[in-house]
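# Descriptive analysis of the structure
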Amino acid sequence: MEPGPSPSSSACADHPTPAPEEDEEGGRGWVLVPASEVPGADAPKVIDWEDLQQELARVWSLSAALATARERKALLAARLPSALEARKDSVQQDNELAEIRERVQARADFMWDLKMHTKKMTEDVDDRREELRIKIRNLSTTSNTLCTARSKLKEADKLLSGENGLHARLKIVERMLRTRQQYMTAQVAHLYPVRPLIERSPANKPTFLNSSILKTRDAESMAPNSSQNGQAPLAILGLQLSKLTMKKTGYFSDKTEIQNSATALGYVAHAVSLIASYLGVPLRYPLRLGGSRSYVLDHAPSVESSSLTSAISSAPLSTSKRTMEFPLFFESQETTRSAYAIFLLNKDIEQLLNHIGAESLGPRHVLANLKQLTTIVQSQQYISN
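We now turn to the structure provided with this report. (Residues numbered from 1 in each chain as written. Predicted model: local features only at pLDDT ≥ 70, side-chain atom pairs only at ≥ 80, totals over all residues. Heavy atoms only, no water.)

## Overview of the overall build of the protein chain
Quick reminder of the rule: Put simply, DSSP marks the helices as runs of H or I at least four residues long and the strands as runs of E at least two long, and each gets a number from the N terminus on. When accessible area is computed with a 1.4 Å probe and restricted to protein chains, residues below 20% of their type maximum are described as buried, those above 50% as exposed, and intermediate ones as partly exposed. Contacts: residue pairs with any heavy atoms within 4.5 Å of one another.
Along the protein chain, the regular secondary structure elements total 9 helices and 10 strands. A burial count over the protein chain gives 25% of its 385 residues as buried. For the protein chain, long-range pairs separated by at least 24 residues make up 57% of all intrachain contacts whose partners lie at least 6 apart in sequence.

## A look at the nonpolar core
For clarity, the cut-off: Only buried residues count toward a nonpolar core, which is a set of Ala, Val, Leu, Ile, Met, Phe, Trp, Tyr and Cys residues joined through side-chain atoms within 4.5 Å.
In this structure, V268, V272, L345, I356 and L370 are the most contacted members of the largest nonpolar core, which totals 41 residues. With 10 residues, helix α5 (residues 255-279) is the largest single contributor of residues to this core. Ignoring any residue separated from it by four or fewer positions in sequence, one finds V272 in contact with L283, L287, L345, D348, I349, L352 and L370.

## Brief notes about the pattern of salt bridges
Test applied: Basic side-chain nitrogens of Lys or Arg form a salt bridge, by our definition, when they fall within 4 Å of a carboxyl oxygen of Asp or Glu.
Scanning all chains against the criterion turns up 6 salt bridges. Ionic pairing is found between E130 and R133, a salt bridge with its closest N-O pair at 2.4 Å. Pair noted here: E130 and R133 are both in helix α2 (residues 52-160), with a separation of 3 residues, about one helical turn. What makes E130 partly exposed here is its relative accessible area of 39%.

## As for the pairing of strand β7 (residues 295-298)
Here is the rule: Whether two strands pair comes down to DSSP finding at least two bridges between them.
Residues Y295 and L297 point to one face of β7 and V296 and D298 to the other, with burial holding for every one of them. Inspection of the sheet shows strand β6 (residues 287-288) paired to β7 by 2 bridges, in the antiparallel sense. Bridged to R288 within β7 is Y295. Linking β6 to β7, which pair antiparallel, is a turn of 6 residues; within it G291 sits at a positive phi near 65 degrees. Taken together, the 4 bridges between β7 and strand β10 (residues 324-327) define a ladder with antiparallel strand orientation. Along β10, the bridge assignment pairs Y295 with P327.

So yeah, pure geometry; function would need other evidence.
What follows is the structure, encoded as structure tokens:
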């Protein structure tokens, strides 16, 4: 039969349980605690008398362990602020270390990029160095070639310069050539002299001024109409160009004057052909010599002579690309072709004048232009230039 509760245990159930507590001096004491605050107070544990001593001992040991735990708790509570402070310092150091690590990583990345850029620049520099090496090699080769060419140029200059050089010899040959041209032109001027015609004797023999080669400015003033200005007209071998070249001939015209004019034009054509061959100038309008039946050739497209007289008509002008021949003499009543032939002959004389650096006196001054041509070629200035 289980024993009932002892009076002491029942009293403990009705009254507040005293709990040991440390006094102000740090010693132990007992404090009364309400039963509602004691765990298990509503169902107290019943301890037998025989087990009381053992339970008391266990309680005592638990109390001692609890006191030890409280002391340890107090010790840990005292050490906690310093530990937290140390932990705070450690966390701050960890944050600073993380920032330093980030900066180091960023620096490492920058150094890596710089290294790659440096590597690329080094490769570019190597490529440029190779290109410059090739260019220097080519420049050296070119310099050697230039030096060789310069030396050859100096040798050629030595050959050209000096009294016995090629240039001096060329000048001598050119002077000799011009002297020869002057001599041959003088022969032509002697064969076909162009001189002022003074008057005609009753025997129809012309007389001339006893003057040799006139100066260029004297020849410039000699035109076909110079007789109207008080000066004698020009004639070649005593034959004067007829003024009928500018108008149509009739059935009752003076045939002798027309024949003399054709003969004079033949003389001029022969003289121009000889002088052109001596000067080495191909005439723009070639000549087909035949004495008083000479022709001027025109290789350019020309208008037919029949169309010249019918230019007023509404029919279009017919052109031909074949070589046209224009007579230096009068054919029956048609003088248009002859007038054009005289114009082309004067153009040939003008071409020779331009070749020697002179200007023509005009399109209707055939003999004056021929006189000017022979005068300039026979002058000393022609050889010196």
